[in-house]
Amino acid sequence: MNVNVKRGLAVLVIIALVFGWFVTLFGIGGVDSVKDALKYGLDINGGVYVVMEAQTDLTGDELAELMDQTRAVLDNRVNQMGVAESSVTIEGDKRLRVEIPGVDNAEEAIEAIGRTAKLTFILADGTIVVDGSNVKDAQIATDGSNYKILLEFDSEGAGLFEEGTRKALSGEVTSSIDGVLSNQIAIVLDNEIITHPEVQNVISGGSCEITGGYTKEEASTTAALIRGGALPVELVEIQSSVQTATIGADALDKSIVAGAIGLGIVFVLMLVFYGMLGLIADIALLLYVVLFLWAMVGMGVVLTLPGIAALILSIGMAVDANVIIFARIKEEIAAGKSIRVAVDAGFKNALTTVLDAQITTLIAAVVLFEVGTTSVKGFALTLMIGIVFSIFTAVVVTQLFISLLASSKKFAKNKYFGVNEDGTPKQLLNKTFSFIKHRKVFYLISVVIIVIGLVFMMIGGMNYGIDFTGGTNIQVEMGKQVDISEVEDTLKDYELDPTIIYAGEGNTQIVIKTIKSLENAERAEIIETLGAKYGITQEDVLASEQFGPSVGDELKANAVKAVIIAAIGMLIYIVFRFRSWKYGLSAVVGVAHDVLMVIAFYAIFGFTVNNPFIAAILTLVGYSINDTIVIFDRIRENKRIYNKDNNETNIDRSLNQTLNRTIMTSLTTLVVMVPLCIMVSASIREFIIPLMVGVIVGCLSSIFVCSPLYYDLCRNEETTKYMRATAKTKKTNK
């Protein structure tokens, strides 16, 4: 591609960038700003979600059919509420998650969701012919180009239905229901008419068919609704959350400000440490953010508060791809190559590292998406989108602008590429270290910290949140600061043994936490008791969460399963790419080390372990392996180039060559997260704190654990190689 074409493309990129940011911030024509165009989760928009478990012993296909019928019934019921963006999804085998954003009366919504379906067949005058308990089955069949519904009643229902059809044809029925004729029978689910077919003759024998030009989808949906009424299943609320839009909207606004501050600091750091290259990285990063946000709009991804944390984290990872490229270009220039040749070689050598690092992180994100709960899935999906766009902007956009810079007579100089005039690269650290020599000290420090953490776990246990232990969390706006001991006394008859803390500006809010799992009616009773004392109502309830005890066990099991699956997936990829099990084993041990270190940190300092913690741990798995892969890639390269040097020399050389990149990447990632941790709500902080600890631990483990461990695994190989060489020398001397 010639220079003129590159210049034209660069101009188009800048125009697209400026236009994209204008539309992102302000909108244009019929296109809203990205803030208005994005879909937001319940933790931002407010609303209700309920997870219910079906009380049934059915398994296999029978269970799947029952759950599908129940989902159809609940979906119909939720749609009757007239709430946009509501959803009913099946989770696992026996659970249903219902999400209703923006509802005004959460108590009524939860009550309506959990009510057992009521199906009736009624005449036009309102007389009930038969109810859902008498429906044996409802299936669909083809009728040429159209579909029909086949109904089957039990013996009691057969007689009642025969009498009903006879009455409908008698001419004695006077219609009192709008839209239902005197010779029709309406099928009503939850007081909503789902169909009202005409009776053509008296139907006996307990079976009939409903025709009417149905499409396959219409017939399937109607049949499922009818079967749902015929096969009611008891649903038990095992988890629920009520959020007001006030808390979420405030957190969103603060997240935007915090994200802008973090992004601004990253821009400044890149300019300070990389000069013109840093400016190019900032351009690529601005484009990355625009593409990322509009991809979420286009894909209909629901943005949650954890998703915002994933967006911020992915920005740090996008910077990493650029830093890897810049470091390689500087090394090529320092090796004596011309600017243009160094740029080409730098990109070529960095591409493998960038792809390997990002793909291993992608593996962890995919596992997180498959295993995690709904909120965690949103976190993982956001992270996956970020990985894809970080590769694109670094490999395509950054390369375009740097190649133009290298072709310029004015800017094709060492000082614009982070290299001193004497040919040495500008570095954060110019000193070299002997890492392998002191590896046993690093091992000992890690073991001591992990053992201390295990001791704390055995003595005091982990500080599990209610989503692990089961329990209830209620946040209420009291209108003024109240005495906590007085609130405890007000609620003493409920024997909750609660933890009550202040929240909000001026401590006008209280948060009531108890390990008792309170159902909706019990929570409403507590609010009524507080209302009698302090004059509050349901409208003053800012948030309410309930977790059944089985939820925590499932979270733990899924977390362990996710870490194991992710580790196996990454091990297979690393062995395949590096052609050595030693790289893979060293990396996976490093991941285990990082997880144990973060758990030890939580045990020692008593931080709450909850669902966001699990998501953060799994993200740490991907982030940690990213750092390790970059170093391993350099070790592999140096072993090939300096094949006469021993492993200790090559590994130390590789660690020192990548040290500045490791520090810079960790620094930019932490810088982006710090404002978010300080300024935003506790729900985001629960994600950010383990991520921040994980970034630090991951950075240290890739240097002080994984690489030294790889050295130890290779010692036998090196000894064998030395013995072969010695034997060969002796043989030659003879």
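All values reported here derive from a predicted model rather than from experimental measurement.

**Things to note about the overall build of the chain**
Point 1. Assigned secondary structure in the chain consists of 21 helices and 19 strands.
Point 2. Within the chain, the fraction of its 734 residues that count as buried is 51%.
Point 3. Considering only contacts within the chain whose residues lie at least 6 apart along the sequence, 76% involve residues at least 24 apart.
Point 4. Looking at the chain as shown, the accessible area adds up to about 33,100 Å², and 58% of this sits on carbon and sulfur atoms.

**Remarks on the sheet that holds strand S11 (residues 207-214)**
Sheet strands pair by backbone hydrogen bonding; their relative direction is either parallel or antiparallel.
Point 1. Here three strands make up an open sheet; going across it, the order is S7-S8-S11 and the pairing antiparallel. With partners counted over all chains shown, the strands left at the sheet margins are strand S7 (135-143) and S11, one partner each. With direction set aside, neighbouring strand axes in the sheet form an average angle of 20 degrees.
Point 2. Bridge count between S7 and strand S8 (residues 146-153): eight bridges; the pairing is antiparallel. Each residue of the ladder has a partner; that of Ile 140, found in S8, is Ile 149.

**A few points about the packing of aromatic side chains**
Point 1. Scanning the entire structure with this criterion turns up 18 aromatic pairs.
Point 2. Here Phe 121 and Phe 161 contribute two aromatic rings whose centre-to-centre distance is 6.1 Å and whose plane-to-plane angle is 85 degrees, an arrangement assigned as edge-to-face. Taken as a pair, Phe 121 in strand S5 (residues 119-123) and Phe 161 in helix H6 (residues 155-169) lie far apart in primary sequence, 40 residues in all.
Point 3. Overall, Phe 121 belongs to the buried group, its relative accessible area being 1%.
Point 4. Given a relative accessible area of 6%, Phe 161 falls into the buried group.
Point 5. Taken together, the ring pairs connect Phe 433, Phe 435, Phe 442 and Phe 704 into an aromatic cluster.
Point 6. One residue, Arg 579, lies across the ring of Phe 576, its end atom 5.2 Å from the ring centre.

**Side note on the nonpolar core**
Point 1. Core analysis: the biggest nonpolar cluster contains 127 residues, and Met 270, Leu 285, Ile 402 and Phe 417 have the highest contact counts within it.
Point 2. Ranked by size, the runner-up nonpolar core spans 31 residues in total, among them Val 129, Tyr 214, Ala 219 and Ala 223.

**As for the environment of Lys 413**
Point 1. For Lys 413, the location among the structural elements is in the loop between helix H12 (374-407) and helix H13 (439-460).
Point 2. Looking at Lys 413, the relative accessible area reads 41%, which means it is partly exposed.
Point 3. Here the alpha-carbon distance between Lys 413 and Ser 338, two residues 75 residues apart in the chain, equals 9.3 Å.

**A word on helix H20 (residues 647-679)**
Point 1. Taking 1.5 Å as the rise per residue, H20 with 33 residues should run 48 Å; its terminal C-alpha atoms sit 46 Å apart, in good agreement.
Point 2. Maximum bend of H20: about 45 degrees, positioned at Thr 658.
Point 3. Counted residue by residue, H20 has 24 buried out of 33 residues, so it is predominantly covered.
Point 4. Looking at where H20 begins, the residue whose side-chain oxygen comes 3.3 Å from the main-chain nitrogen of Glu 648 is Asn 646.

**Here we look at the pairing of strand S18 (residues 541-547)**
Point 1. The buried count for S18 comes to six of seven residues, which makes it a mostly enclosed element.
Point 2. Sheet analysis places strand S12 (residues 235-243) next to S18, joined by five bridges and oriented antiparallel. Among the inter-strand pairings, Gln 243 is bridged to a residue of S18, identified as Ala 543.
Point 3. As defined by bridge partners, strand S15 (residues 471-477) adjoins S18 across six bridges and the pair is classed as antiparallel. Bridged to Ile 474 within S18 is Ser 544.

**Things to note about the pattern of salt bridges**
Point 1. Following the criterion strictly, the structure yields 17 salt bridges and no others.
Point 2. Of the charged contacts, one joins Glu 331 and Arg 634 as a salt bridge, the two residues approaching to 2.9 Å between their closest N and O atoms. Pair noted here: Glu 331 is in helix H10 (residues 305-334) and Arg 634 is in helix H19 (residues 611-641), with a separation of 303 residues, a long-range link.
Point 3. Arg 634 gets classed as buried once you look at its relative accessible area, which sits at 5%.
Point 4. One salt bridge connects Asp 356 with Arg 636, and the closest N-O pair in it is separated by 3.9 Å. Pair noted here: Asp 356 is in helix H11 (residues 339-371) and Arg 636 is in helix H19, with a separation of 280 residues, a long-range link.
Point 5. Taking the relative accessible area as the measure of exposure, Asp 356 reaches 1% and is therefore buried.
Point 6. Salt bridges here are not isolated pairs; linked through shared partners, they connect Arg 328, Glu 331, Arg 634 and Glu 637.

**Quick word on the packing of helix H1 (residues 3-26) against helix H9 (residues 276-299)**
Point 1. The interhelical angle for the contact between H1 and H9, taken along N-to-C directions, is 50 degrees, at an axis separation of 10 Å. The angle between H1 and H9 places the two elements in the oblique class. Crossing handedness for the pair H1 and H9: left-handed. Contact with H1, carried on its side by Val 13, Ile 14, Leu 17, Gly 20, Trp 21, Val 23 and Thr 24, involves Ile 283, Leu 286, Leu 287, Val 289, Val 290, Leu 293 and Trp 294 of H9 and no other residues of that element.
Point 2. Taken together, the residues that form the contact of H1 with H9 break down as 12 nonpolar, two polar and no charged.

**Points about unusual backbone geometry**
Point 1. A positive phi is found at Glu 495, a non-glycine position, where the angle reads about 50 degrees.
Point 2. Tracing the chain through its elements places Glu 495 in the loop between helix H15 (484-490) and strand S16 (499-503).

What counts as what
- Residues numbered from 1 in each chain as written.
- Predicted model: local features only at pLDDT ≥ 70, side-chain atom pairs only at ≥ 80, totals over all residues.
- Heavy atoms only, no water.
- Helix = DSSP H or I, 4+ residues; strand = E, 2+ residues; numbered from the N terminus.
- Buried < 20%, exposed > 50% of the residue type's maximum accessible area, 1.4 Å probe, protein only.
- Contact = heavy atoms within 4.5 Å.
- Areas by Shrake-Rupley, 256 points an atom, 1.4 Å probe, with all protein chains shown as cover.
- Pairing = 2+ DSSP bridges.
- Axes fitted to C-alpha atoms, helices over the stretch in contact; angles between N-to-C directions.
- Phe/Tyr/Trp six-rings, centres within 6.5 Å; stacked < 30°, edge-to-face > 60°.
- Lys NZ or Arg CZ within 6 Å of the ring centre and 35° of its normal.
- Core = buried A, V, L, I, M, F, W, Y, C linked by side-chain atoms within 4.5 Å.
- Expected span 1.5 Å × (residues − 1).
- Bend = angle between axes of the 7 residues up to and from the residue.
- Polar contact = N/O pair within 3.5 Å; in protein donor to acceptor, adjacent residues only side chain to side chain.
- Salt bridge = Lys/Arg side-chain N within 4 Å of Asp/Glu carboxyl O.
- Parallel < 35°, antiparallel > 145°, perpendicular 65-115°, else oblique.
- Left-handed = near helix turned anticlockwise from the far one by under 90°.
- Nonpolar A, V, L, I, M, F, W, Y, C, P; charged D, E, K, R; others polar.

Honestly, it's all geometry; don't read function into it.
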